[in-house]
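Breakdown of the fold
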Amino acid sequence: MEHLSKRSPLCKKLYLLLLYSFCITSLLCGCSAAQEPISRSGFYFDTIVQITIYDASKENCLDECLKLAKQYEEMLSPTLEGSDIWKINHSGGMPVTVSPETATLLATALSYCDITDGRIDLTMETVSRLWDFHAEDITADILPANRLPDESALANALSHVDYHNLVIENNTVTLLDPESAISLGFIAKGYIADKMKEYLLSQHIESAIINLGGNLLAIGQKPDGTPFQFGIQKPFDEHGTPITVLSVSDQSIVSSGVYERYFYQDDVLYHHILNTANGYPVQNRLFGVTILSDSSVTGDALSTTCFVLGLEDGMALIESLDDAEAIFITDDYHLHYSSGLSHLSDLP
């Protein structure tokens with residue numbers, strides 16, 4: 001949900017995100033002429049939102065989905081003045097009344113902070129602001145020699161990271177530390193995708209794909225009754241080459257990885273998934289985690305949760321759940337499948 005870089009041409013940003021969305025969904029099969037998909041796209045949450053349905057008579061539903069995207073961005077963005085999250089972050093420690101949806105989503109986010117013993121913390125916003133992972137938006141000749149955060153600023157930001165400072169009572173939210181700040185970046189897109197699905201089902205749409213910047217949610221199957229086919233991107237592959245393929249019917253696929261936003265300095269990779277203990281990127285030999293689940297909000301939260309937990313603890317968490325499967329990609333490009341996906345194999 002961050003703002004675009006001032007030097008980044010919007011068309012370039014859109015092109016890059018559209019290319020990524022195309023690559024991850026490029027294995028979708030076609031339909032008959034009578035059931036060809038129709039799509040609508042917009043730019044929200046600093047990413048491309050694309051809705052595809054297989055019912056031309058319901059084309060107006062596409063516009064309604066984009067209205068939902070705008071509505072939730074205005075509710076949940078930490079940077080848009082007037083949003084619920086912006087109000088909390090600028091409350092000076094005073095109680096703020098938020099929408100019931102915001103309060104519920106915040107409570108859900110806190111549950112994942114608990115699950116990870118704080119290795120995910122929605123109050124990391126103060127630390128995240130110190131990092132710039134938009135190297136692709138800036139020409140190489142103006143990049144600073146040192147893109148790492150100032151150590152004293154990082155230490156100060158870390159002192160305000162503690163999810164226990166967020167107190168929720170019904171629809172009243174209090175951030176006890178006035179210098180802390182929250183973000184729902186690890187869970188919001190999944191929640192919004194689920195809400196779009198809920199709306200499309202209410203309109204009797206039985207076959208659709210919701211794509212929020214690579215967070216994919218399939219409604220039903222393809223009109224011919226076969227599952228959708230989604231390729232999972234090989235990390236750091238510029239062409240979006242799939243490393244494996246998932247057959248999906250009425251489920252969500254969400255990935256988190258070091259290859260989404262990153263930069264190199266002195267031959268060291270710095271990525272956007274940060275360690276709450278020291279404010280630097282998590283180092284656990286994982287390149288990425290993909291979650292297959294019935295609920296997109298669950299998949300969104302679990303993809304980051306399992307990443308920060310690492311292969312062993314993350315896989316143990318997945319195996320303890322009934323409604324989620326996972327693929328872990330280690331830095332040797334080896335794929336580790338949870339038991340429900342053990343039938344899959346890597347692509348050559």
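Figured I'd write up the structure that's included with this text. Remember, it's a predicted structure, so these values are computed and weren't measured experimentally. (Residues numbered from 1 in each chain as written. Predicted model: local features only at pLDDT ≥ 70, side-chain atom pairs only at ≥ 80, totals over all residues. Heavy atoms only, no water.)

Closest axis-to-axis distance for the helix H4 (residues 100–115)/helix H8 (residues 296–319) pair is 11 Å, and the angle between their directions is 5°. Comparing the axis directions of H4 and H8 gives the class roughly parallel. Contacts between H4 and H8 involve Leu-105, Tyr-112 and Ile-115 from the former and Val-297, Thr-298, Ala-301, Leu-302, Thr-305 and Leu-317 from the latter. By residue class, the composition of the contact of H4 with H8 is seven nonpolar, two polar and no charged. (Axes fitted to C-alpha atoms, helices over the stretch in contact; angles between N-to-C directions. Helix = DSSP H or I, 4+ residues; strand = E, 2+ residues; numbered from the N terminus. Parallel < 35°, antiparallel > 145°, perpendicular 65-115°, else oblique. Contact = heavy atoms within 4.5 Å. Nonpolar A, V, L, I, M, F, W, Y, C, P; charged D, E, K, R; others polar.)

All right, on to the pattern of salt bridges then. Once the charged atoms of two side chains with opposite charge are near each other, the side chains can pair. Per the counting criterion, the structure on display carries ten salt bridges. Across the salt bridge formed by Arg-40 and Glu-59, the nearest N and O atoms sit 3.5 Å from each other. A residue pair is termed long-range when its members are at least 10 positions apart, and Arg-40 in strand E1 (residues 38–44) and Glu-59 in the loop between strand E2 (47–53) and helix H2 (60–76) qualify at 19 residues. Since its relative accessible area comes to 39%, Glu-59 is described here as partly exposed. Note that Arg-129 is salt-bridged to Glu-125, the shortest N-O span being 3.5 Å. What makes Arg-129 partly exposed here is its relative accessible area of 49%. Three or more residues are tied together by salt bridges with common partners; here these are Arg-40, Glu-59 and Asp-63. (Salt bridge = Lys/Arg side-chain N within 4 Å of Asp/Glu carboxyl O. Buried < 20%, exposed > 50% of the residue type's maximum accessible area, 1.4 Å probe, protein only.)

Reading across from one edge, E1-E2-E6-E7-E10-E13-E14-E15 is the order of the eight strands in this open sheet, with antiparallel pairing throughout. At either end of the open sheet lies a strand with only one pairing partner, and these are E1 and strand E15 (335–337). Along the sheet, successive strands turn relative to each other by an average axial angle of 15°, direction set aside. Sheet analysis places strand E14 (residues 324–330) next to E15, joined by three bridges and oriented antiparallel. Following the sheet pairing, Ile-329 is matched in E15 by Leu-335. Strands in contact with H8 are strand E7 (215–219), strand E10 (252–257), strand E13 (286–293), E14 and E15; relative to E13, the strand with the most contacts, it is inclined by about 125°. (Pairing = 2+ DSSP bridges.)

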